[in-house]
Amino acid sequence: MNAESDPKVVAIEDALAPILARLEQHRLRMENMSPQERHDFEQKKKEREIEERNGRIAHLRSIWNVPSRHAQCSPKKEGVWGNSLKMLSELLSSGDGVTIGLVGGRGSGKTQLAVELMKERTRELHSAYFTTATEFFIAVKSTYDRESQANEETVLRRFASYSLLVVDEIGKRGGSDWENNLLFEMLNRRYNGLKDTILIDNRTKSEFIATIGPSLASRMSEGGGIIECNWPSFRH
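For clarity, every value in this text was computed on a predicted model and none was experimentally measured. (Residues numbered from 1 in each chain as written. Predicted model: local features only at pLDDT ≥ 70, side-chain atom pairs only at ≥ 80, totals over all residues. Heavy atoms only, no water.)

Draft legend 1. Here's a closer look at helix H10 (residues 214-223). Among the residues of H10, Leu-216, Ala-217 and Met-220 are the ones counted as buried. Buried residues of H10, seen end-on, are gathered within an arc of 100° and therefore sit on one face of the element. Structural note: H10 exposes Pro-214, Ser-221 and Glu-222 on the side pointing more than 90 degrees away from its buried face. Turning to H10, the residues buried within the fold contact strand E1 (99-103), helix H8 (177-192), helix H9 (205-212) and strand E5 (225-228). Gly-225 lies just past H10 and shows a positive phi near 120°. (Buried < 20%, exposed > 50% of the residue type's maximum accessible area, 1.4 Å probe, protein only. Helix = DSSP H or I, 4+ residues; strand = E, 2+ residues; numbered from the N terminus. Arc of directions from axis to C-beta. Contact = heavy atoms within 4.5 Å.)

Structure follows, in structure tokens:
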């Protein structure tokens, strides 16, 4: 069967002809533009690109689940907190898929640090998602409903897919085998998939390690690490 015997089969040349014609028209139009017209054209092109980029960032942030208090905050990036933000930003730029623990007492700005890193990631047009450990387990449990169209695997794949995942209040959970196994599976998938993860705990470093287990703690030391946020309160 060929283009001559079947009218539904279109020759490649015929299909490309309209596209090539438009490209030629565009080339001629650009050649005949005055310097001012060319400047205006390029300016409008840049404006459209910026508008499109901002729209993509806005979409990523519309589904990132960050608490409004943290999303709307514009902290001064100075002092030990600002230096820590810069250090963490450099760690996450490696592309190696690091896992970082932020531990220490309340008020040191751990969550805001993580959210600022999420802002950086979405500015790069990559996905970022915020959750608490409890929210993660609730998402899994919701699949046990008879009417649910999802299952554990669906939830695990979703949480393993984000370019950057922040898990807050990692210590606020029951610590059952079910929870431990699910948490390990999700974090292990992210580790193997070279995805960046930030875990936040208001307790001490030793308590944090006891929560995540020696295996994950060992992997964190490969490129991420555990940061003890013991500087003065971020809220004052």
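Once the structure has been displayed, the description carries forward.
Draft legend 2. Spatial organisation of a nonpolar patch on the surface. Where nonpolar side chains cluster on the molecular surface, the patch consists of Ile-12, Leu-16, Ile-19, Leu-20 and Leu-23 and spans about 490 Å² of accessible area. Tracing the backbone through its elements, the reader meets Leu-23 in helix H1 (residues 12-31). (Patch = residues over 30% accessible without salt bridge, like charges linked within 9 Å, V, L, I, M, F, W, Y side chains within 5 Å. Areas by Shrake-Rupley, 256 points an atom, 1.4 Å probe, with all protein chains shown as cover. Salt bridge = Lys/Arg side-chain N within 4 Å of Asp/Glu carboxyl O.)

Draft legend 3. Quick look at unusual backbone geometry. A positive phi is found at Glu-169, a non-glycine position, where the angle reads about 55°. Among the structural elements, Glu-169 can be located in the loop between strand E3 (164-168) and H8. Residue Leu-194 is not a glycine yet carries a positive backbone phi of 60°. If you trace the backbone, Leu-194 turns up in the loop between H8 and strand E4 (196-201).

Draft legend 4. Summary view of the nonpolar core. Residues Phe-136, Phe-159, Met-186 and Phe-208 are the most contacted members of the largest nonpolar core, which totals 25 residues. Broken down by secondary-structure element, the contributors of at least two residues to this core are helix H6 (133-141), helix H7 (152-161), E3, H8, H9 and H10. Within the second largest apolar cluster, 23 residues are counted, among which are Trp-81, Leu-85, Cys-229 and Trp-231. (Core = buried A, V, L, I, M, F, W, Y, C linked by side-chain atoms within 4.5 Å.)

Draft legend 5. Expanded view of the packing of aromatic side chains. A full pass over the atoms with the stated rule returns 7 aromatic pairs. Ring plane angle 85° and centroid distance 5.8 Å describe the contact between Tyr-129 and Phe-159, whose orientation is recorded as edge-to-face. On the criterion of sequence distance, the pair formed by Tyr-129 in strand E2 (residues 128-132) and Phe-159 in helix H7 is long-range, its members being 30 residues apart. The class for Tyr-129 is buried, based on a relative accessible area of 12%. Considering the side-chain rings of Phe-159 and Tyr-162, the 6.4 Å spacing of their centres and the 85° angle between planes classify their relative orientation as edge-to-face. Accessibility classification places Phe-159 together with Tyr-162 in one group, the buried group. Within the aromatic cluster, the residues linked to one another by ring pairs are Tyr-129, Phe-136, Phe-137, Tyr-144, Phe-159, Tyr-162 and Trp-178. Across the ring face of Tyr-129, the terminal group of Arg-158 is positioned such that the distance to the ring centre comes to 5.6 Å. (Phe/Tyr/Trp six-rings, centres within 6.5 Å; stacked < 30°, edge-to-face > 60°. Lys NZ or Arg CZ within 6 Å of the ring centre and 35° of its normal.)

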